[in-house]
Each structure stands twice: as C-alpha cells, then as structure tokens.
Amino acid sequence: MSIVDKVLKRIDGSRDEMIEFASDIFSIPAIAPQSGGDGEMKKVQRILELVGDWGFDEVLWYNAPDNRVPEGERPNLLLKVKGSKEGLEPLWVFAHTNVVPPGDKWTSDPWKLRIEGERMICRGVEDNGQAIVCSLFALRAVLEEGGRPKRDINIMLVADEEVGSEKGITYLLDHHGELFGKDHLFLVPDAGEADGSMIEVAEKSIVWLRIKTIGKTVHASMPDKGINANLAAMRFLTMMYDELHDRYPDREDLFDPPISTFEPTRREANVPNVNSIPGEDISYYDCRIMPQYDPYEVLDHIRKRANDFGAKHHVRFEITTEQMERAAPPTSADHPIVKMIARAVKEVYGVEATAQGIGGGTCAAVLRRAGYPSAVWGKMEDCAHMPDEFAPIENYIGDAKVFARIFMS
Ligand SMILES: [Zn+2]
C-alpha cells in the first residue's frame, strides 16, 4: 500500500476521534468582544492541549494585544511541520477560531455537539471548525504514517475573522509580515459548495453602513408637530434598495450571486412605546459590490442621495461605515494553489472544481489585498451563521483527505 493510501485509510479510521475532538473544542464559545464575547483564548489553549503531542515541529504564538478580553490578547497560533525538501514554497492553511453568536431558533444547545443521522450540529461546526479539525487531522495522519510533507506546512489558527480580522490576519500581516512570501501557497478553507466544486478566487468589495436618521420626537397623535424618523428611514432605505440595484447592475458569472447586493439588515430599537413618534432611527445596510465599481463612489452616492432626501423630508442623516473593504484583484485560475486544490478534490470527491467568486469577507480577501494570491475551498453546506449550523461527518472525512493529499503534493 502506498503512503498516500495508508494516510487516507488512517483518516477513514479516525472518524470517532474527529467527532470527539470537534465536540470538545466547539463546546468553548469563542466570540469577539464587539459581539459580546470574551475572545478565542480558551478555545485555542484547549486545541493546543489536544494536539500537543501530534508531532508539530514548532508551535508559535503571534497574539494581538486587546484589552477588551480577560487575557489582554487575542490568540493567533501557528502549528508548523517542516518539509523534507529544500527550496519549496511553504503552504499556509488559515482557519479562524472565532464564531458568531448563536442567535435564536436553535433546537438544541448550540455549544453541545449533537449528531443527527450523518450530520453534526453545533455553532462553529462548519464556520470555521471544519477547517480547523480537518487540517489538523490531515497533518496528523501524514505524520503518524511516517510521512513527511515535501514543503513546510503552516497551519495558522487566527482570531477575529467574523468582525473584520483586525486582531487576526490583519495583525499578522502588519506585525509579522516577515512570515509570508509572495510565492507561498495560501489555502483558506472558509467557504465552498455542497459538492466541493467551488474554489473561491475573488471576492466583492464590502461596505457596511450605519444610517442614522434624525427627526423630532412628539406624541404620536400630533405627527405634524414632529418629524417621524422611523417613517423617513423606511422610505429612504427602500428607495435606496431599488436605486442601488439599478445604478450598479453589472453581472459576472464568476460570482455567486452574479450581481452586487445591497441589503438593509439590522435596525436598532427606537421608542419603547407605541404612542410616540420616533425622533431617531438607526439602521444598517450590508453591501457586497462587484470589483469593477469603486466602493467609495457608492458611499459618496448614498450620502448625496441622503442629503437630497433629507432636504425634502426635513430629516438629517448621519451615514458612517462599520466596515469598508475594497475588493482585491482575483487570484489567477492558473495559480499553483488553485491547481493543487482542483487535483486533490478530483481525486477524493471525483468532482471538477473550478475558480469562482463570492460575496466576500474571508481571510483570503485580506491576504489578496496585501498581495498574496490565495484560494478558498471546502465542501460545505453553506449554513454558516444560521441556527442549527451543521456539517455532514462525511465532509470532515473527505476534506481531511483533500488536505492530506495537498500536504503530500
Ligand atoms: Zn468563516
């Protein structure tokens, strides 16, 4: 039996251990402080406890200072295995350890992994626990079979991905840029299709807007004496919804969905009682904009339209950005990392994976903006951030095999 076959067989045999490992680490909430959590440190320490004797050559911390969490820092942990050949570019795998808050509508405890048929269910089991568990088990299987990757394999567990990555990948690029080379290979297993056919190489620009509408509070029976900020906001938000889609219509089939999206999302509570006219409304827009449009031009346009609308309806708008990320140039579909992924996916799943673009927001977008071509891949059901987030156990086994093949190539 070849070494590759032995490694794949070992991964098949590690099914129960993978579930146990997943259930252990996903029971620890790792939520960013701005989403009301205390960070990722406890989860990452637990991961290190579990993998400590798996044979990594180096374990290095690159923590970002952050006084909003009890430990005073946010963990970025590098687990490194040295390659057997000189002169090959290292391969990086980025997996983020933080998760989004569970939200409501869960049918069981979101921090207790539940198995239903062939599915594992709990917060983080897909986003981004699948990447953590599968990459670690893949490397472990290679090492346990006495194999050694040809190139250095660097698994980097990063913090802060769900809320902009300032303490995660961005911190690493700003403070430890010497780690990375332009010709290194970057794999970010943080998005994918249910059949494994998407290798994500491009992302849209992201603009998150906070739109504050200021009117005047009065008794609800006397609307003419005040200015209803709630009504003005609803009119403005729906008007802009249609207008923005019309103004930025380009379609490109590389992306899914193939158009720019402009979605009104969060609204903050206004008056607590029914019989007051709200004098203030705070609403949010999540915009994902095709790379050919300038996101700053979109923002200027929205501000200009807010001024026009405000003058007409006697309200004032304050529009600020919660996140503003310009899309980076796509990674070439012919880049070696894209080809390595496609080959491994074909071997493991029998699927032809192709280069595509998505709505954006993974570590790969940050890497690409800094000039490091990177590719995103996973076999995923796309239930990230939802209640009852799940992952098929088969995806864990299969993705670990894909990573193992990539590690050995
Ligand atoms: Zn993610």
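See above for the structure.
Below is a summary of the structure that appears in this document. (Residues numbered from 1 in each chain as written. Predicted model: local features only at pLDDT ≥ 70, side-chain atom pairs only at ≥ 80, totals over all residues. Heavy atoms only, no water.)

**Topic: the sheet that holds strand E16 (residues 316-325)**
Reading across from one edge, E13-E15-E11-E16 is the order of the four strands in this open sheet, with antiparallel pairing throughout. Since the sheet does not close on itself, it has two edges, and those belong to strand E13 (261-267) and E16, each with one partner. Each adjacent strand pair in this sheet contributes to an overall mean axis angle of 25°, direction not counted. Both E13 and strand E15 (residues 280-289) contribute to a ladder of five bridges, which runs antiparallel. Its bridge partner lying in E15, Glu 263 is registered against Asp 286. Along the sheet face, helix H7 (residues 295-313) touches strand E11 (205-214), E13, E15 and E16 and points at about 170° away from the line of E16. (Pairing = 2+ DSSP bridges. Helix = DSSP H or I, 4+ residues; strand = E, 2+ residues; numbered from the N terminus. Axes fitted to C-alpha atoms, helices over the stretch in contact; angles between N-to-C directions. Contact = heavy atoms within 4.5 Å.)

**Notes on helix H4 (residues 129-144)**
Between its terminal C-alpha atoms H4 stretches 22 Å, which fits the 22 Å expected from 16 residues at 1.5 Å a residue. With respect to burial, H4 is a largely interior element, 15 of its 16 residues being buried. Phi turns positive one or two residues past the end of H4, at Gly 146, with a value near 80°. (Expected span 1.5 Å × (residues − 1). Buried < 20%, exposed > 50% of the residue type's maximum accessible area, 1.4 Å probe, protein only.)

**Side note on the coordination of the zinc ion**
The zinc ion binds to the protein through His 96 (NE2), Asp 127 (OD), Asp 190 (OD) and Asp 190 (OD); the donor distances cover 1.9 to 2.6 Å. What the four donor atoms of the zinc ion show is an angle range of 51 to 141° at the metal, which sorts the shape as irregular. Mapped onto the sequence, the donors of the zinc ion take the spacing H-x30-D-x62-D. Placement of the pair is His 96 in strand E5 (residues 91-96) and Asp 127 in the loop between strand E7 (119-121) and H4, with a sequence separation of 31 residues. According to the relative accessible area criterion, His 96 is buried, its value standing at 1%. (Donors = N, O, S within 2.8 Å, 3.2 Å for Na, K, Ca; no water. Tetrahedral: all angles 85-135°; square planar, octahedral: opposite > 155°, others 65-115°.)

**Quick notes on the nonpolar core**
Leu 136 and Tyr 396 are the most contacted members of the largest nonpolar core, which has 89 residues in total. Three or more residues apiece are contributed to this core by two domains, here domain 1 (3-203 + 329-408) and domain 2 (208-325). Beyond its immediate chain neighbours, meaning those up to four positions away, Leu 136 contacts Phe 21, Ile 47, Val 51, Trp 54, Phe 56, Leu 79 and Ile 155. Among the nonpolar cores identified, the runner-up in size contains 22 residues, and Met 156, Val 188, Cys 363 and Val 376 belong to it. (Core = buried A, V, L, I, M, F, W, Y, C linked by side-chain atoms within 4.5 Å. Domains from an automatic or database assignment.)

**Things to note about the side chain of Ser 197**
With respect to the helices, strands and loops of the structure, Ser 197 is situated in the loop between strand E9 (185-188) and strand E10 (198-203). What Ser 197 contacts, discounting residues up to four positions off in sequence, is Val 351, Glu 352, Ala 353, Thr 354 and Gln 356.

**Here's the deal with the packing of aromatic side chains**
For the structure on display, the rule yields 17 aromatic pairs. Summarising the aromatic geometry, the rings of Phe 94 and Phe 180 are spaced 6.1 Å apart at their centres and angled 45° between planes, so their arrangement reads as tilted. Here Phe 94 is found in strand E5, whereas its partner Phe 180 is found in the loop between helix H5 (169-175) and E9, with 86 residues between them in sequence. The ring of Tyr 372 carries Lys 182 above its face, with NZ or CZ at 4.6 Å from the centroid. (Phe/Tyr/Trp six-rings, centres within 6.5 Å; stacked < 30°, edge-to-face > 60°. Lys NZ or Arg CZ within 6 Å of the ring centre and 35° of its normal.)

Geometric values such as these leave the question of function open.
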